[in-house]
Amino acid sequence: MKSIKTLVALLCIASLIGCSNQTTTKKITPIEDKKIKNFNISKTFSEDVRTCYSLFPISFADSNNDGYGDLKGIENKLDYLRDLGIQCIYLNPIHPSPSYHKYDVIDYYAIDPKFGTMNDFENLLKTAKEKNIKIMMDMVFNHTSIQHPWFKKAVKGEEKYKDYYIFNDGKNKDFPLKGPWYRAGKQFYHAFFWEGMPDLNLDNKEVRNEIYKISNFWLDKGIDGFRLDAAAMGFEPSEYKRGTNVLGKNINFWKEYTSNVKKTNPDAFVIAEVWKPINDQKRYYESFDSMFNFDGSDQIMRVVKTGTAFDFQSFFSNEIEGKKLKDGQRFIDSVFISNHDQNRVASQLNGNLDQAKLAASIYLTLPGIAYVYYGEELGMLGRKPDEQIREPFKWNKTLTDGTTRWEPISLNKELASLDEQRKNPHSMFSHYKNLISVRNSNEAFDIFSDFIEGPYNEGSSLSYFRESQNQKVLVIHNIEAEPIKLNLKEKIIKNLYMNQATFNQSNLTLNGYGTIILEVQK
């Protein structure tokens, strides 16, 4: 999440404070797990989608030269994304909001004017469907903006809205003011991320019904699914009396949410941000179609940074086995190496693009759906503060053809643009495009196909098989800078792709951070 200046929030809160008569009572309407039926995992996403694109709208493409990325700009670039091999897009928030990042929503039923109109959004959906690209929206249901009408009415004491949020007068010893509480008049409200984002009271059935109504609105528009922001924070210990089972509440609420989404569209996809260790994530497997694999991202980057793969194989093998659910269903893994809240890969690797290519080679050959954070296919640099991990995408050398200007390009001044990288067969873009093509066009890279430890895992060699019913693929990486030589024992059917490698019959030389992908006899 990205905070806004504290002064703005304080001024806004001051304007809202009045003769509040808000109480500390919460409308408890427990979600009974036994009443929530198990839903079916999205068939379309599990069968047809392998590679997605995480897109920050303000930074991607500007259609009207006002400096801000917009929906029409995204529509104009769908051919680029299709050519790259992208099969679905997850849009960061596009609702009206006082911030550039839009994670503090004012109106869940509208499009922020900087991004365009509802008509622009509907046209984007229509064009994306024509090009077989699915669209998912980022939905923020943990909190709203302090400028949301619900919160304004809540602090004024309007009966309907006073329990939409979580208030505390500080007098109940069993309900202590520990954690992120902020003053509004004589009361305090809970806001996990910062005072400008008051948390919604998800124990209130009216709030949950509002959330289901909002989701149905966008499903009726034709959206293919949702990415749920801050899903692990829906119920926080600091919001409740001591001893409350907040984890159980959270798991059951999201199961209820996903079940409601599936009632409207059984094939809609629900993926959640549960930024927790994998053992905590496992508790949520029956609440969503998928979750982002943060531990998996850490594993990949640790391999690339250190040149060691101590528990890489066992981690992903156990992951796959653990994701086999009831009734023969499989929880869908979602692998990535960076997102809009993290330092970009090239910056994590101090600008070493050979290592950045290795990171891409690893995660784009793993099971699950792979997510490319916009600009990683160019090798963009980015270190916090957040604005600098969200710099404009460089479409060409002259910074025209849709390049936005909302934030100065500072860390990526010397980065070759897309147009320049397209002409270079050894560029980061060419590497990503080739890898994604191999991923999307080979059965062995189905999101549920087997992941098996390979026979070449000594020294700096990391190897594994991906195997489906009709195809077996051997992937070998050199995770260090020095070249390695291997004599392969498998019968090679086809060389699918190699980077920093030479291969003659069974003799393989992998230069530093190189990769080879071979179809072998089953």
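Look a little higher up for the structure.
Bear in mind the structure is a predicted one, so any value in this text is a computation, not a measurement.

A. Examining the packing of aromatic side chains more closely. Evaluated as defined, the whole model comprises 43 aromatic pairs. With a centroid separation of 5.2 Å and an interplanar angle of 85°, the aromatic rings of Tyr-109 and Phe-217 are classed as edge-to-face. In this pair, Tyr-109 is assigned in the loop between β2 (88-91) and α6 (118-130) and Phe-217 in helix α8 (residues 205-221), connecting sequence segments 108 residues apart. Ring geometry for Phe-235 against Tyr-240: centres 6.1 Å apart, planes inclined by 35°, an arrangement best described as tilted. Relative accessible area serves as the criterion here: at 8%, Tyr-240 is assigned to the buried category. A cation over a ring is seen here: Lys-77 above Trp-395, with NZ or CZ 4.1 Å from the ring centre. For Lys-102, the ring lying beneath its charged end belongs to Phe-115, and the centroid distance is 5.7 Å.

B. Inspection of the pairing of strand β1 (residues 51-55) at higher detail. Of all 5 residues making up β1, 5 are buried, and the element is well covered by its neighbours. Burial of β1 is two-sided: the residues Thr-51, Tyr-53 and Leu-55 facing one way and the residues Cys-52 and Ser-54 facing the other way are all buried. Bridge count between β1 and strand β11 (residues 369-373): 4 bridges; the pairing is parallel. Bridge pairing in β11 places Ser-54 opposite Tyr-373. Two strands pair when backbone bridges link them, and β1 and β2 are joined in this way by 4 bridges, in the parallel orientation. Residue pairing across strands places Tyr-53 opposite Ile-89, the latter belonging to β2.

Rules of the game
Residues numbered from 1 in each chain as written. Predicted model: local features only at pLDDT ≥ 70, side-chain atom pairs only at ≥ 80, totals over all residues. Heavy atoms only, no water. Phe/Tyr/Trp six-rings, centres within 6.5 Å; stacked < 30°, edge-to-face > 60°. Helix = DSSP H or I, 4+ residues; strand = E, 2+ residues; numbered from the N terminus. Buried < 20%, exposed > 50% of the residue type's maximum accessible area, 1.4 Å probe, protein only. Lys NZ or Arg CZ within 6 Å of the ring centre and 35° of its normal. Pairing = 2+ DSSP bridges.

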